Amino acid sequence: MANAIINVTNLRLRTFIGFNPEEREKKQDVVINLEIHYPADNACKTDEVDQALNYKVITKEVISLVEQGHFLLLEKLVAEILAVCHSHPSVNYAKARVDKPHALRFADSVSLTLDWTK
């Protein structure tokens with residue numbers, strides 16, 4: 001069985017994230033990394049597009065969710081991104097990580113990761 005792993009790396013978006021007053025009024029940068037697993041036997045054998053998971057569709061859904069959303073917590077943002085990933089029936093594992101650059105003065109970023117298994 002061929003289990004494909006799709007990685008979307010460093011998707012840079014802007015959203016409302018945080019609970020401090022200034023965070024609720026101004027969009028901030030977030031960096032998203034996704035890992036999505038699905039069985040790829042049919043895609044490997046047939047070379048037919050409709051047998052593969054369309055990562056572009058998932059990425060567009062994530063972009064829409066993030067750019068239009070307002071989130072108090074990274075936990076909520078990451079959970080909603082993860083839900084988009086595993087809403088596709090062929091997905092059997094997904095992991096989402098969101099980095100919030102500039103969240104701490106002396107750190108490059110703060111990140112939160114959640115994963116899901118079917």
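Residues numbered from 1 in each chain as written. Predicted model: local features only at pLDDT ≥ 70, side-chain atom pairs only at ≥ 80, totals over all residues. Heavy atoms only, no water.

Student: Is there a simple way to think about the UniProt feature "domain: Dihydroneopterin aldolase/epimerase" (unreviewed entry) in the protein in this case?
Tutor: In the numbering used here, UniProt assigns the feature "domain: Dihydroneopterin aldolase/epimerase" (unreviewed entry) to residues 6-116. Secondary structure across residues 6-116 comprises 34% helix and 39% strand; the distance between its end C-alpha atoms is 15 Å. (UniProt positions renumbered as here; feature names shortened; annotations may be inferred. Helix = DSSP H or I, 4+ residues; strand = E, 2+ residues; numbered from the N terminus.)

Student: Could you clarify how one ought to interpret the pairing of strand β1 (residues 3-17) in this entry?
Tutor: The sheet contact formed by β1 and strand β2 (residues 28-39) spans eleven bridges and is antiparallel. By the bridge assignment for β2, Leu-11 is matched with Ile-32. Judged from the two bridges that link them, β1 and strand β3 (residues 70-71) form a sheet pairing that is parallel. The residue bridging Ile-17 from the neighbouring strand is Phe-71, located in β3. (Pairing = 2+ DSSP bridges.)

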